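# Secondary and tertiary structure notes
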Amino acid sequence: MDRFRTAAVVALPLLLPLLAAAPASAAPASAAEPAPLPLGSVRSVHPGDTLAVTAASGQAANGDTITSPALLKAGRMRMTAPGLTATVTIACDARPGTYPVTLTSAGAARPAEHGAPWARVRVEPADEAARRACRDKVKKMPPPDREEHWAANTTWPQSEWDVRSFRAGSRITITDNDDEGLDGVITLSSPSFADQPVLRGARAVLTATATLRCDAAPGLYPVYRHAPDQGKSHPNQPWARLRIAPASRTSTCPAQQAARPSRTSLTEVAGWAAGGVLLAAAAASTALLLKRFRSRRADTAGTPPRAGQSDVRRRTRQTNPQVSR
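Below, the structure is looked at part by part. (Residues numbered from 1 in each chain as written. Predicted model: local features only at pLDDT ≥ 70, side-chain atom pairs only at ≥ 80, totals over all residues. Heavy atoms only, no water.)

Right, let's talk about the pattern of salt bridges for a bit. For the structure shown, the criterion picks out seven salt bridges. Between arginine 122 and glutamate 124 there is a salt bridge, with its nearest N and O atoms 3.8 Å apart. The exposure class assigned to glutamate 124 is partly exposed, which follows from its relative accessible area of 23%. Ionic pairing is found between aspartate 179 and arginine 225, a salt bridge with its closest N-O pair at 3.0 Å. (Salt bridge = Lys/Arg side-chain N within 4 Å of Asp/Glu carboxyl O. Buried < 20%, exposed > 50% of the residue type's maximum accessible area, 1.4 Å probe, protein only.)

Below, the discussion takes up the layout of surface pockets. Estimated volume of the largest pocket: approximately 730 Å³. Forming the boundary of the largest pocket are 23 residues, of which Thr87, Val88, Pro143, Pro144 and Asp145 lie nearest the centre. At the level of secondary structure, the elements contributing two or more residues to the lining of the largest pocket comprise strand E5 (75–76), strand E6 (78–80) and strand E7 (83–89). The element that contributes the greatest number of residues to the lining of the largest pocket is E7, accounting for five residues. Partitioning the lining of the largest pocket into residue classes produces 10 nonpolar, seven polar and six charged. (1 Å grid on protein atoms, 1.4 Å probe; cavity = no way out; pocket = protein on both sides within 12 Å on 5 of 7 lines; lining within 4 Å. Points joined across faces, edges and corners; volume = space filled by probe spheres on them. Helix = DSSP H or I, 4+ residues; strand = E, 2+ residues; numbered from the N terminus. Nonpolar A, V, L, I, M, F, W, Y, C, P; charged D, E, K, R; others polar.)

Mapped onto the secondary structure, arginine 225 falls in strand E14 (residues 219–226). At a separation of 3.0 Å, a polar atom in the side chain of arginine 225 contacts the side chain of aspartate 179. Contact partners of arginine 225, with chain neighbours within four places excluded, come to Asp179, Leu182, Ile186, Thr187, Leu188, Gln230 and Trp239. (Polar contact = N/O pair within 3.5 Å; in protein donor to acceptor, adjacent residues only side chain to side chain. Contact = heavy atoms within 4.5 Å.)

Time to look at the environment of alanine 202. Mapping alanine 202 onto the fold places it in the loop between strand E12 (187–189) and strand E13 (206–211). Taking relative accessible area as the criterion, alanine 202 reaches 84% and is therefore assigned exposed. With 19 residues separating them along the chain, alanine 202 and aspartate 183 place their C-alpha atoms 6.5 Å apart.

This is a description of form; function is not addressed.
Shown next, in the form of structure tokens:
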């Protein structure tokens, strides 16, 4: 026991520096996450840094634009319930200094000229080697994620990138808040649909119910809107998007099978129909043969016996008395 105590006392001073260095070694992993930039904040940044502009409910709207002379390019606020987020990057050629970050409402013609103050960034000095590293980093950056995540209690879709997950074979409700008065006029289509739903409604809100294909593979699918006034301006512009999740093991998609029989079902129906025709033909042929056979038996019973036939019968009875008359 004394030996173990002595070894622990000797090893403890050697382990303390390693334990203290462990959090420092884990720091780079957390540093890779985008730094938050909330409303009214001031943040010190370097060229190539990624920022997450975060907004609470009421501070911004989905689709608003984030701009700044220090940014590589403008960012777009997207719903990430319960708030909104825009991911932006500091430009590699940004010079040292303090720059404003502004928020512009969605749809503004010139966001840089009509923006409201949001925050400020203070770009720190960087040498040429750091700027080259920044350019290499930017080249390898993945494209920004466009998918939005709205609260589950909101209708779908809230926007063209309001991506929600549904199981294959399920029935979903689609809501349109922007086409008042077009009851029964707008149709929707998607490679994931088993039918072509029609938007209906007597008020400002139009709804439709769609059935998802049982054989739809998991993945992202577009939804297209078709209206008479649409023309050919944007024939391939998705109106919404959805994600298909694998169908439940217990799901048999009865509604879809009833609405759209498969090729196998049609083949079986044709086979049964052909078999019924053959059976009917066979029954008719059998009835005709029986009728002819009965007719022949009736004709044979009424025909008088041929000459000499009675004498033969008498001789047989005389020769063999055991034969009963």
